[in-house]
Amino acid sequence: MTELPARRLLLVHAHPDDESINNGATMARYAAEGAHVTLVTCTLGERGEVIPPALAHLTGTALGEHRLGELAAAMRALGVEDFRQLGGVGRYRDSGMMGLPDNDDPDCLWRADLDEAAAHLVEVIREVRPQVLVTYDPDGGYGHPDHIQAHRIATRAAELAGAAGCGVARVYWNRVPRSAAEDAFARLTDALPGLPFTRTATLDDVPGVVPDERITTTVDGTAYAAAKAAAMRAHATQIEVAEPYFALSNDLAQPIFSTEYYELASGEPDPAARGDLFAGLDPEGEA
């Protein structure tokens, strides 16, 4: 087996596009710095809403296959070579929004057996031996069942891997400090007349907004803002980009954050970790 780089980062996301929106700059920065970046996506987003009229015919399995191609293009933009689907391509299907009949599909992620799904992720952890794992908070950022389940799977996998002697040193949750969100939306309001979007989103539409004091680590990815925007643009069925802003299928403009923020959920903190997810960790993952 090829020897892995000293720093190894694992990100667990629900659908293709979540990684670029939440962590695109972080992924591009660490990949450029020589870290091994692994992305595990739990579903193919088969129930996503398609934006371009020319692609509106894509639904279900066909949409999932198309979004897998979008994911590959996004990873090329970020310089990330190791991206995988939990349990293999198509193992778990998109669960749809919370409260819809889609949640009852026995093949969807929301209905997955937690330990079985986590075991697939433990296999990745055993192989890659990441020191750092990034995922959502317990609410999945905004309550989507697949995001909630991705959090549960990542958390359980970290527990199982730790019990087996190959645990991760730190788990982080995706966050946005309220002050940064407020500043970005103030700029967006002024810029809206020149953008191809109908109106602005609100802070409630941004997953993971928390009081500033909850932020433990800030990753400056401004040098990789263009890479993040390119990765988001690659997810053309789901995202329309007008740098430095974007919109989803609701046509509500949101800021693209090139500085990305995290809350340490488990593991030993380090004062230097304010600007680096890996600060204070050695290559074997011990704090």
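Residues numbered from 1 in each chain as written. Predicted model: local features only at pLDDT ≥ 70, side-chain atom pairs only at ≥ 80, totals over all residues. Heavy atoms only, no water.

J.: What am I meant to see in the overall build of the chain here?
T.: Secondary structure summary: the chain contains six helices and twelve strands in total. Rg of the C-alpha trace for the chain: 18 Å, near the compact-globule value of 19 Å for 287 residues, within the 12% margin. Counting only C-alpha atoms and orienting by the principal axes, one finds that the chain spans roughly 50 × 45 × 35 Å. Taking as baseline every contact in the chain between residues at least 6 positions apart, the subset at least 24 positions apart corresponds to 78%. On the chain, the mean spot of the 23 positive side-chain charges and the mean spot of the 44 negative ones are 2 Å from each other. (Helix = DSSP H or I, 4+ residues; strand = E, 2+ residues; numbered from the N terminus. Rg over C-alpha atoms; globule rule 2.2 N^0.38 Å. Contact = heavy atoms within 4.5 Å. Lys, Arg positive; Asp, Glu negative; His and termini not counted. Charge placed at Lys NZ, Arg CZ, Asp CG, Glu CD.)

J.: I tried to follow the layout of surface pockets on my own but got confused; where do I start?
T.: Regions of empty space are outlined by a rolling probe, equal in size to a water molecule, passed over the atoms. Space inside the largest pocket adds up to approximately 980 Å³. Lining of the largest pocket is provided by 44 residues; of these, Asp18, Ile21, Tyr142, Pro207 and Leu248 occupy positions nearest its centre. Grouping the amino acids of the lining of the largest pocket by side-chain chemistry returns 16 nonpolar, 15 polar and 13 charged. Computed from the structure, the second largest pocket encloses a volume of approximately 190 Å³. Ala180, Asp183, Ala184, Arg187, Pro244, Tyr245, Pro255, Ile256, Phe257, Ser258, Thr259 and Tyr261 together form the lining of the second largest pocket. For the lining of the second largest pocket, the secondary-structure elements that each account for two or more residues are α5 (178–191) and β12 (259–266). When residues of the lining of the second largest pocket are assigned to their parent elements, the largest contribution, four residues, is made by α5. Grouping the constituent residues of the lining of the second largest pocket by class yields eight nonpolar, two polar and two charged. (1 Å grid on protein atoms, 1.4 Å probe; cavity = no way out; pocket = protein on both sides within 12 Å on 5 of 7 lines; lining within 4 Å. Points joined across faces, edges and corners; volume = space filled by probe spheres on them. Nonpolar A, V, L, I, M, F, W, Y, C, P; charged D, E, K, R; others polar.)

J.: Would you take a moment to explain the packing of helix α3 (residues 114–128) against helix α4 (residues 145–163) for this structure?
T.: The axes of two packed helices give the description: the angle between them and the distance between them. Interhelical geometry of α3 versus α4 gives an angle of 60° and a closest axis separation of 8 Å. Along this stretch, α3 crosses α4, giving a crossing that reads as right-handed. Residues Leu114, Asp115, Ala117, Ala118, Leu121, Val122 and Ile125 of α3 touch α4, and the partners they reach there are Arg152, Ile153, Ala154, Arg156, Ala157, Ala158, Leu160 and Ala161. Counted by class, the contact of α3 with α4 contains twelve nonpolar, no polar and three charged residues. (Axes fitted to C-alpha atoms, helices over the stretch in contact; angles between N-to-C directions. Left-handed = near helix turned anticlockwise from the far one by under 90°.)

J.: Just to check I follow, could you spell out the nonpolar core for this structure?
T.: Within soluble globular proteins, side chains that are nonpolar tend to cluster in buried spots. Membership of the largest hydrophobic core comes to 28 residues, with the highest contact counts inside it found for Leu9 and Leu277. At the level of secondary structure, the elements contributing two or more residues to this core comprise β1 (8–13), α1 (18–32), β2 (36–41), α2 (60–78), β4 (132–135), α6 (225–234) and β12. Apart from the residues within four sequence positions on either side, leucine 9 is in contact with Thr26, Tyr30, His36, Val37, Thr38, Pro130, Val132, Val134, Leu277 and Phe278. Among the nonpolar cores identified, the runner-up in size contains 27 residues, and Tyr92, Val122, Ala157 and Cys166 belong to it. (Core = buried A, V, L, I, M, F, W, Y, C linked by side-chain atoms within 4.5 Å. Buried < 20%, exposed > 50% of the residue type's maximum accessible area, 1.4 Å probe, protein only.)

J.: I would appreciate a short explanation of the UniProt feature "binding site: Zn(2+)" (unreviewed entry) in the chain in the present structure.
T.: Sequence positions flagged by UniProt for "binding site: Zn(2+)" (unreviewed entry) are, in local numbering, His15, Asp18 and His147. Across 133 residues of sequence, these annotated residues stay compact in space, with a maximum C-alpha separation of 9.4 Å. Those annotated residues from the list above that line the largest pocket are His15, Asp18 and His147. Under the relative-accessibility criterion, aspartate 18 is labelled buried at 8%. (UniProt positions renumbered as here; feature names shortened; annotations may be inferred.)

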